[in-house]
Amino acid sequence: MNTTFEEKDGKYIMHFEGRLDTAASIKTEQEMKVLYDCEGHDIILDCEKLEYISSSGLRLFLSLLKGAKTKGSKVSVAHISDSLRQVFAMTGFTHLFEFV
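What you see is a predicted model, and the numbers here were worked out from it, not measured in a lab.

Q: So what about the overall build of the chain? Which residues, and what values?
A: Helix and strand counts for the chain stand at 4 helices and 5 strands. Ordering the α and β elements of the chain from the N terminus gives β-β-α-α-β-α-β-α-β. For the chain, whose C-alpha radius of gyration is 12 Å, the value lies close to the compact-globule estimate of 13 Å for 100 residues. Seen through its C-alpha atoms, the chain measures out along the principal axes to roughly 30 × 25 × 20 Å. Residues classed as buried in the chain amount to 40% of the 100 residues present. Residue pairs at least 24 apart in sequence account for 65% of intrachain contacts in the chain once pairs closer than 6 positions are excluded. Accessible area of the chain: about 5600 Å², with a carbon and sulfur share of 49%. In the chain, which carries 12 positive and 15 negative side-chain charges, the distance between the mean positions of the two groups comes to 5 Å.

Q: Residue-level account of the nonpolar core, with values.
A: Here is a general trend for soluble globular proteins: nonpolar side chains tend to be buried in one another's company. Counting 25 residues, the largest nonpolar core has Ile 43, Leu 45, Phe 61 and Phe 88 as the members making the most contacts within it. Looking at this core, the elements that each hand over two or more residues are strand S2 (11–20), strand S3 (42–53), helix H3 (55–70), strand S4 (75–78) and helix H4 (82–90). Broken down by element, the residue count for this core peaks at 6 residues, all from H3. Those residues in contact with Phe 61 that lie beyond four places of it in its chain are Phe 16, Leu 20, Met 32, Leu 45, Cys 47, Ile 53, Phe 88 and Phe 97.

Q: Break down the side chain of His 41 for me, with residues and values.
A: Tracing the sequence through the fold places His 41 in the loop between helix H2 (33–36) and S3. The class of His 41 is buried, set by a relative accessible area of 17%. Here His 41 is in contact with Glu 7, Gly 10, Tyr 12 and Ser 73, once residues within four sequence places are set aside.

Q: Can you break down the packing of helix H1 (residues 22–31) against H3 residue by residue, with the values?
A: Angle between the axes and distance between the axes are the two parameters that describe a pair of packed helices. Across the interface, H1 lies against H3 with an axial gap of 8 Å and an inter-helix angle of 25 degrees. Here H1 is positioned roughly parallel relative to H3, judged by the angle of their axes. In this structure, H1 contributes Thr 22, Ser 25, Thr 28 and Glu 29 to the contact, and H3 contributes Ser 56, Arg 59 and Leu 60. Split into classes, the residues belonging to the contact of H1 with H3 amount to 1 nonpolar, 4 polar and 2 charged.

Q: So what's going on with the pairing of S3? Residues and values would help.
A: Sheet topology note: the S2/S3 ladder contains 9 bridges and is parallel. Bridge pairing in S3 links Leu 20 to Ile 53. Sheet topology note: the S3/S4 ladder contains 4 bridges and is parallel. Residue pairing for S4: Ile 43 is matched across the bridge by Val 75. The handedness of the S3 to S4 crossover, carried by H3, is right-handed.

Definitions and cut-offs
Residues numbered from 1 in each chain as written. Predicted model: local features only at pLDDT ≥ 70, side-chain atom pairs only at ≥ 80, totals over all residues. Heavy atoms only, no water. Helix = DSSP H or I, 4+ residues; strand = E, 2+ residues; numbered from the N terminus. Rg over C-alpha atoms; globule rule 2.2 N^0.38 Å. Buried < 20%, exposed > 50% of the residue type's maximum accessible area, 1.4 Å probe, protein only. Contact = heavy atoms within 4.5 Å. Areas by Shrake-Rupley, 256 points an atom, 1.4 Å probe, with all protein chains shown as cover. Lys, Arg positive; Asp, Glu negative; His and termini not counted. Charge placed at Lys NZ, Arg CZ, Asp CG, Glu CD. Core = buried A, V, L, I, M, F, W, Y, C linked by side-chain atoms within 4.5 Å. Axes fitted to C-alpha atoms, helices over the stretch in contact; angles between N-to-C directions. Parallel < 35°, antiparallel > 145°, perpendicular 65-115°, else oblique. Nonpolar A, V, L, I, M, F, W, Y, C, P; charged D, E, K, R; others polar. Pairing = 2+ DSSP bridges. Right-handed = clockwise from strand over helix to strand, strands pointing away.

Written out as structure tokens, the structure reads:
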């Protein structure tokens, strides 16, 4: 699992590549800490190269969403595959996140 962070046009963008499973979630959580200081910045979680997400990965996304909302920021999920969209739908996450 690899992540890449960038700031572009006032937005924080985190790119995910590989499998965000339980084993990878600890390292990924550390890499996502930069997103928690999002005040004044909206966040885009770019899932174009994300192959799989486990419940641990979904927990990371949800935790980030809750923290961002309290700071007035918005979290969007971009470039999600059909198979990952099904996971988000089955867990009710399609109602929580904006998809771009």
